[in-house]
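Residue-level listing of the chains:
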Amino acid sequence: MTKILIGALALVTMFFVFASGGRIEGYLFPVASRGEILRHVAVGETSTRIWGQAARLRDCSFDHLVWFLGDDHDNARADLVFEEGTRLRGGGSFTFGPWLVQLTPDQLLSRSYAIVYHRCHPLWLTETRFYG
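Worth saying up front: this structure is predicted, and the values here are computed from it rather than measured. (Residues numbered from 1 in each chain as written. Predicted model: local features only at pLDDT ≥ 70, side-chain atom pairs only at ≥ 80, totals over all residues. Heavy atoms only, no water.)

**Student:** What is the right way to read the side chain of Thr48 from this model?
**Tutor:** Structurally, Thr48 is set in strand β2 (residues 47-56). Assessed through its relative accessible area of 0%, Thr48 is described here as buried. Of the polar contacts made by the side chain of Thr48, one reaches the backbone oxygen of Leu103; its length is 2.6 Å. Excluding residues that lie within four positions of it along the chain, Thr48 makes contacts with His40, Val41, Ala42, Val43, Trp99, Leu100, Val101, Leu103, Thr104, Pro105 and Leu108. (Helix = DSSP H or I, 4+ residues; strand = E, 2+ residues; numbered from the N terminus. Buried < 20%, exposed > 50% of the residue type's maximum accessible area, 1.4 Å probe, protein only. Polar contact = N/O pair within 3.5 Å; in protein donor to acceptor, adjacent residues only side chain to side chain. Contact = heavy atoms within 4.5 Å.)

Below, the structure written as C-alpha cells:
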C-alpha cells in the first residue's frame, strides 16, 4: 500500500512540475525584464500602436508573446501584430515596436498584461511576465 501511495505522489508531483514548470522557472529566473512602453498611439477605436524597451536576461529562443486584458484570473486574449518584422535580439537592453495591440490606450496602459514564452530547454516553455 505504501508503494502505491509513493507512486501516486510521484505522479502528482511530476504532473505539477510539468504543468507549472515554465511559470515557476520564469518567475524565479526571468528571460526578459519587464517591458516599458515609451510611446503609444491610438489606432482607430480599438487598437494601440506601441514602442518600448526591455532587456534580455537569459540566452533562450523566443517562441511567442501573448497580450491579455484583465488579470491573472479573469482575462481575454488580445490580438497582437509585430509590425517591426522579424528580429534577432542579443543579450541586454533592446527596443521594440511598432507593435499593434487590439486594446484601447486606456485598456492597454491600465488593465492589461503580457506574457512572453521562450524555449530555454526541452522540458517546457519558460513563461516570463513581460508587461503589467
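Picking up where we left off.
**Student:** Got a minute to help me understand the pattern of salt bridges in this structure?
**Tutor:** Oppositely charged side chains can pair when the atoms bearing their charge come close. For the coordinates displayed, the defined rule picks out 7 salt bridges. Here Arg56 ties to Asp59 by a salt bridge, and the two come within 2.9 Å at their closest N and O atoms. Among the residues examined, Asp59 registers a relative accessible area of 75% and is labelled exposed. Note that Arg89 is salt-bridged to Glu84, the shortest N-O span being 2.8 Å. Three or more residues are tied together by salt bridges with common partners; here these are Glu84, Arg87 and Arg89. (Salt bridge = Lys/Arg side-chain N within 4 Å of Asp/Glu carboxyl O.)

**Student:** Just checking my understanding: could you explain the pairing of β2 for this structure?
**Tutor:** Looking along a regular strand, one sees side chains alternate from face to face of the sheet. Here β2 lies mainly inside the structure; 7 of its 10 residues are buried. In terms of strand pairing, strand β1 (residues 36-43) meets β2 through 7 bridges, oriented antiparallel. Within β2, the residue paired with Glu36 across the bridge is Gln53. Between β1 and β2, which pair antiparallel in sequence order, lie 3 residues; one of them, Gly44, sits at a positive phi of approximately 65°. Bridge analysis of β2 against strand β6 (residues 92-101) gives 8 bridges, and the strand direction is antiparallel. When the sheet's bridge partners are listed, Thr48 is paired in β6 with Val101. (Pairing = 2+ DSSP bridges.)

**Student:** What should I look at first to understand a nonpolar patch on the surface in this one?
**Tutor:** Taken together, the side chains of Ile24, Tyr27, Leu28 and Phe29 define a hydrophobic patch exposed on the protein surface, amounting to about 490 Å² of accessible area. With respect to the element layout, Ile24 can be found in helix α1 (residues 2-28). (Patch = residues over 30% accessible without salt bridge, like charges linked within 9 Å, V, L, I, M, F, W, Y side chains within 5 Å. Areas by Shrake-Rupley, 256 points an atom, 1.4 Å probe, with all protein chains shown as cover.)

**Student:** Even after reading the chapter, I still don't get the sheet that holds strand β4 (residues 75-78), so can you show me in this structure?
**Tutor:** For sheets, the rule is that strands pair by backbone hydrogen bonds, running either parallel or antiparallel. As summarised here, the arrangement of the 4 strands in space is β4-β3-β7-β8, forming an open sheet in which the pairing is antiparallel. Looking at strand neighbours, the two that pair on one side only are β4 and β8 (125-131), the edges of this open sheet. If you compare each strand with its neighbour and ignore which way they point, the axes differ by 35° on average. Two elements, strand β3 (residues 61-70) and strand β7 (residues 112-119), share 8 bridges in a ladder whose sense is antiparallel. (Axes fitted to C-alpha atoms, helices over the stretch in contact; angles between N-to-C directions.)

**Student:** Explanation requested: the nonpolar core in the structure shown.
**Tutor:** Within soluble globular proteins, side chains that are nonpolar tend to cluster in buried spots. Among the nonpolar cores identified, the biggest contains 19 residues, and Ile50, Leu65, Trp67, Trp99, Val101 and Phe130 are the most heavily contacted of them. With 4 residues, the top contributor of residues to this core is β6. Core analysis: the second largest hydrophobic core is formed by 5 residues, Val66, Phe68, Tyr113 and Ile115 among them. (Core = buried A, V, L, I, M, F, W, Y, C linked by side-chain atoms within 4.5 Å.)

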